[in-house]
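A closer look at the structure
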Amino acid sequence: MGPDDTARACTTILDELERAVVGRRRTLELVLIGILAGGHVLLEDLPGLGKTLIARSFARVLGLDFARIQFTPQLLLADEINRTPPKTQAALLEAMGEGQVSVDGHTRRLPQPFIVLATDNPIEYEGTYELPEAQLDRFLMRLRLGYLTAGDETAMLRRRVDRATEYVELSPVTSPDGVLAMRESLERVEVTGDLLDYIVAIVAATRRDAQIQIGASPRGGLALVQLARGQALLANRDYVIPDDIKQVAVPALAHRVTLRPELWVRQVSSDEVVAKLLAAVPTPRTDPARAVTG
């Protein structure tokens, strides 16, 4: 499957998803980019904003098996992942990072594609635990949904009234093999040397910023490369431009940095800090299209 084929498949997937998920096109695009990049996605926000609906809808449309694991302090799953203590959360690390599980000394490979779309609630909520850094770093990106606009919320209610049933029956538009083929096409998206330098400069900026106690690891740079490639595919390009990197930088990096404690008191978010430092990093002026074709 070539990049053009993948771009067309992405449009079909997103259109089908929007039959069930209203007013979240950009969120759906980012989740799809994360899946194409071979990563796991953390959806963080208040209860009732559609996080589980998004995960379930993706499984259906991509033709994948869906298993919901409800995390509570008593039970090992990845819905509301931060309602379980850190020791239990760590049980996912092997599966997410290595694509395998170990039981009674026996290691078993997980079927591919294996994708974790985890949801969590803000840690101010009673009964939640802050995710450890090692766990957060396993997620390729973190997304925050926010409330729908008034118009989108009205559209959601209108659809529910018109269809006269609670659930939308979505149709699979691809298969596990199709997802793997789309992932392979990502590797054919060109990233020029100056853009790799740009990514390194952005990651390095997180390590120097006065508001950040611990900056992003090299894994953050790897995430930016793959997510930018996915963003380029969605735009039907086989090469990355600086704007691709900018569009995915906050979801790729904000959860990988630790802010200084005083910023927590001032309610400054890591998303805001990363967005600000991103704007201060000089953007390459070369034309990737000319570099690739020339």
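Quantities reported herein were computed from a predicted structural model and do not represent experimental measurements. (Residues numbered from 1 in each chain as written. Predicted model: local features only at pLDDT ≥ 70, side-chain atom pairs only at ≥ 80, totals over all residues. Heavy atoms only, no water.)

Attention now moves to the nonpolar core. If you look at soluble globular proteins, the nonpolar side chains tend to sit buried side by side. Membership of the largest hydrophobic core comes to 67 residues, with the highest contact counts inside it found for Val31, Phe58, Leu224 and Ile245. With residues up to four places along the chain from it excluded, the contact list for Val31 reads Val41, Leu43, Ile54, Phe58, Leu117 and Leu143. Formed by seven residues, the second largest nonpolar core is a distinct cluster that contains Leu42, Met96, Val116 and Leu136. (Core = buried A, V, L, I, M, F, W, Y, C linked by side-chain atoms within 4.5 Å. Buried < 20%, exposed > 50% of the residue type's maximum accessible area, 1.4 Å probe, protein only. Contact = heavy atoms within 4.5 Å.)

Once that is clear, we can look at the sheet that holds strand 6 (residues 117–120). With parallel pairing, the three strands of this open sheet are ordered in space as 6-1-7. At either end of the open sheet lies a strand with only one pairing partner, and these are strand 6 and strand 7 (141–144). The average angle at which neighbouring strand axes cross in this sheet is 25 degrees, direction not considered. Bridge count for strand 1 (residues 41–44) against strand 7 is four bridges, and the pairing is parallel. Residue pairing across strands places Glu44 opposite Arg144, the latter belonging to strand 7. (Pairing = 2+ DSSP bridges. Helix = DSSP H or I, 4+ residues; strand = E, 2+ residues; numbered from the N terminus. Axes fitted to C-alpha atoms, helices over the stretch in contact; angles between N-to-C directions.)

Bringing the pairing of strand 5 (residues 106–109) into the picture now. In this sheet, strand 5 lies alongside strand 4 (residues 100–103) in antiparallel orientation, the contact comprising four bridges. The partner of Val101 across the bridge, within strand 5, is Arg108. Counting the residues that bridge the hairpin from strand 4 to strand 5 gives two residues, and of these Asp104 lies at a positive phi of roughly 50 degrees.

Our next topic: helix 2 (residues 25–36). Over its twelve residues, helix 2 runs 16 Å from end to end, which matches the ideal 16 Å to within 8%, given 1.5 Å per residue. Most of helix 2 sits inside the fold, with ten of its twelve residues counted as buried. Listing the buried residues of helix 2 in full gives Thr27, Leu28, Glu29, Leu30, Val31, Leu32, Ile33, Gly34, Ile35 and Leu36. Positive phi shows up at Gly38, right after helix 2, with a value of about 80 degrees. (Expected span 1.5 Å × (residues − 1).)

Taken N-terminus to C-terminus, the directions of helix 9 (residues 193–208) and helix 10 (residues 218–234) make an angle of 140 degrees; their axes are 9 Å apart at the nearest point. Taken together, the axes of helix 9 and helix 10 lie oblique to each other. Judged by the sense of rotation from one axis to the other, the crossing of helix 9 with helix 10 is right-handed. Residues Leu196, Ile199, Ile202, Val203 and Arg207 of helix 9 touch helix 10, and the partners they reach there are Pro218, Gly220, Gly221, Leu224 and Val225. The class makeup of the residues in the contact of helix 9 with helix 10 is seven nonpolar, two polar and one charged. (Parallel < 35°, antiparallel > 145°, perpendicular 65-115°, else oblique. Left-handed = near helix turned anticlockwise from the far one by under 90°. Nonpolar A, V, L, I, M, F, W, Y, C, P; charged D, E, K, R; others polar.)

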